[in-house]
Amino acid sequence: MINIAILGYGIVGSGVACVIEKNKKEISKKAGDEIAIKYILDIREFPGDPYENKIVNNINQILDDPDVQIICETMGGIRPAYEFTKRALLEGKSVCSSNKELVASHAPELLRIARENNCNYLFEASVGGGIPIIRPLNYSLTAEKIDRIVGILNGTTNFILTKMEKEGADFATVLKEAQELGYAEKNPEADVEGHDTCRKIAILSSLMTGQNVKYESIYTEGITKITANDFVYAYALDMTIKLLAISEYDIENNLNVCVAPFLIARDHPLYFVSDVYNGIFVHGNMLGDSMYYGRGAGKLPTASAVVSDVIDAARHIGKTITCFWDDNAIKLNPMDEYRGSYFVRAKDTPENIAKVQELFPDFVVVKQAVTGDYAFTCGPVAEKDFNEKIALLPSGINSRIRICI
């Protein structure tokens, strides 16, 4: 029997218990031994819960018990999750985490401690919920040089943008609906400003490069400035708008990583990833394109990914699974040097039109769909040059959105 402990009995933690209970026979068979929950750590009591007798309030009771071999960290946040995880690994207990914030901030150190103590730090559930992506990057695609990852990595923002597109609604209205449905937090900043997506692409970029991509260095732009009028033009262009995380090498082998709203064409596979679903598009130099799609969040999908790590850890008791992510921080290409194409809604004045024609010789006019707009596309052009030129328009702009190519 392999005993596990769950740290945090919230949405994901209770989901882990549920998955293990519902699929106990299959999980134990695949793990090669029976998986049993011995403890659940939480500061709350859960009278009447099926696992009421396993709730403990002291982490030492878990860490000091030699019978506990695997820990599921589903607490979220940095503290005390970091301290608990580090102590567990130092004791030789494998840790399976859904905590993207902790993984993005401390994975190289925690992976090193796991190696030194013949155990594992696994985090399949930290990106994409139930979508398998960490394991494919670590195992299945190891013969590849991955040179590009493009993903829709946040279900809340994808739900909001999908509703705005289908209903012609404004951002504030759809955000309120998302909060009422439980898709968005009372304070939605981490989602709508792109911070959640930023941490996830930092994790994927680190696995892609084998070096440490710091999320603090990633250019991040949210969806709060996207309007219903932007979707009017997206429809006219046969495109849609998605919050994308992009990590790619340029022709000079510099790494570009960013999070921002992008227009994507109908022939792109991510075009059809809608509602709360996530999609991750990976390009390898030998394989070419592959795509991973599914529910990117939610109690049971995320818990399923945690339990898949439990099974992997159970198969490797006393052995460390290789993960290529070292401490060396990779330098990202400055966003100013990013070369991209853009859609612009400039203000419709004679002065603006004349200046656009002067500054953007490669511009293509987009038929006016909203009164007061002079819309056009341009590029590829360096971000710095684009911003400098846009600033010279006498009447200014109403919006600009990058185009995914």
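Peer 1: I would appreciate a short explanation of the nonpolar core in the present structure.
Peer 2: Most often, soluble globular proteins have nonpolar side chains that are buried together. Membership of the largest hydrophobic core comes to 86 residues, with the highest contact counts inside it found for Ile 62, Tyr 121, Phe 123, Ile 160 and Leu 204. Ranked by residues supplied to this core, first place goes to helix 5 (residues 100-116) with eight residues. Among residues more than four places away in sequence, those in contact with Tyr 121 are Thr 85, Leu 89, Val 95, Ser 97, Leu 102, Val 103, Ala 107, Leu 110, Leu 111 and Ala 114. Grouped together as the second largest cluster of nonpolar side chains are 31 residues, Tyr 9, Phe 46, Ile 70 and Val 306 included.

Peer 1: Explain the pairing of strand 5 (residues 94-97) to me, please; I cannot follow it from the model alone.
Peer 2: Sheet faces and side chains relate simply in a regular strand, where the side chains alternate between the two faces. Of the two faces of strand 5, the one carrying Ser 94 and Cys 96 and the one carrying Val 95 and Ser 97 are both buried. Inspection of the sheet shows strand 4 (residues 68-73) paired to strand 5 by four bridges, in the parallel sense. Within the sheet, the bridge partner assigned to Ile 70 lies in strand 5 and is Ser 94. With helix 4 (residues 81-90) bridging strand 4 and its parallel neighbour strand 5, the resulting β-α-β unit is right-handed. Here strand 5 pairs with strand 6 (residues 121-122) via two bridges, running parallel. Paired with Val 95 across the strands is Tyr 121, a residue of strand 6. As a crossover connection, the stretch from strand 5 through helix 5 into strand 6 is right-handed.

Peer 1: Just checking my understanding: could you explain the packing of aromatic side chains for this structure?
Peer 2: For any two aromatic rings, the description comes down to two numbers: the centre-to-centre distance and the angle of the planes. By the definition in use, this model includes twelve aromatic pairs. When the ring of Tyr 121 is compared with that of Phe 123, the centres are 5.7 Å apart and the planes differ by 50 degrees; the resulting orientation is tilted. According to the relative accessible area criterion, Tyr 121 is buried, its value standing at 3%. An aromatic cluster is present here, built from Tyr 342, Phe 360, Phe 363, Tyr 374, Phe 376 and Phe 386 joined pairwise through their rings. One Lys or Arg, Lys 145, reaches over the ring of Tyr 249 and ends 4.2 Å from the middle of that ring.

Peer 1: Can you walk me through the side chain of Asn 138 in this structure?
Peer 2: Counting through the fold element by element, Asn 138 comes out in helix 6 (residues 134-140). Excluding residues within four positions of it along the chain, Asn 138 makes contact with Leu 207, Thr 322, Cys 323 and Phe 324.

Peer 1: Help me understand the environment of Cys 323 in this model?
Peer 2: Position of Cys 323 among the secondary structure elements: in the loop between helix 12 (299-315) and strand 13 (339-347). Put simply, Cys 323 and Tyr 139 are 184 residues apart on the chain and 8.9 Å apart in space, counted from C-alpha to C-alpha. Aside from chain neighbours lying at most four places away, what touches Cys 323 is Leu 111, Arg 115, Phe 123, Asn 138 and Leu 207.

Peer 1: Can you help me understand the pairing of strand 13 in this one?
Peer 2: Counting buried positions along strand 13 yields seven of nine residues, so the element is predominantly enclosed. Here strand 13 pairs with strand 15 (residues 373-382) via eight bridges, running antiparallel. Paired with Val 344 across the strands is Phe 376, a residue of strand 15. As judged from the six bridges shared by strand 13 and strand 16 (residues 397-403), these two strands associate in the antiparallel manner. Considered in strand 16, the bridge of Ala 346 is made with Ile 397.

Peer 1: Before we go on, may I ask you to explain the pattern of salt bridges in this structure?
Peer 2: Should their charged atoms come close, side chains of opposite charge can pair. All chains considered together, the criterion is met by 23 salt bridges. A salt bridge links Arg 345 to Asp 373; its shortest N-O distance comes to 2.7 Å. Remark: Asp 373 occurs in strand 15 and Arg 345 occurs in strand 13; sequence separation between them is 28 residues. Across the pair, exposure class does not vary: Arg 345 and Asp 373 are buried alike. A single salt-bridge network, built from bridges that share partners, covers Glu 124, Arg 135, Asp 309 and Asp 312.

How each quantity is defined
Residues numbered from 1 in each chain as written. Predicted model: local features only at pLDDT ≥ 70, side-chain atom pairs only at ≥ 80, totals over all residues. Heavy atoms only, no water. Core = buried A, V, L, I, M, F, W, Y, C linked by side-chain atoms within 4.5 Å. Buried < 20%, exposed > 50% of the residue type's maximum accessible area, 1.4 Å probe, protein only. Helix = DSSP H or I, 4+ residues; strand = E, 2+ residues; numbered from the N terminus. Contact = heavy atoms within 4.5 Å. Pairing = 2+ DSSP bridges. Right-handed = clockwise from strand over helix to strand, strands pointing away. Phe/Tyr/Trp six-rings, centres within 6.5 Å; stacked < 30°, edge-to-face > 60°. Lys NZ or Arg CZ within 6 Å of the ring centre and 35° of its normal. Salt bridge = Lys/Arg side-chain N within 4 Å of Asp/Glu carboxyl O.

Note that all results are geometric; they support no functional claim without further evidence.
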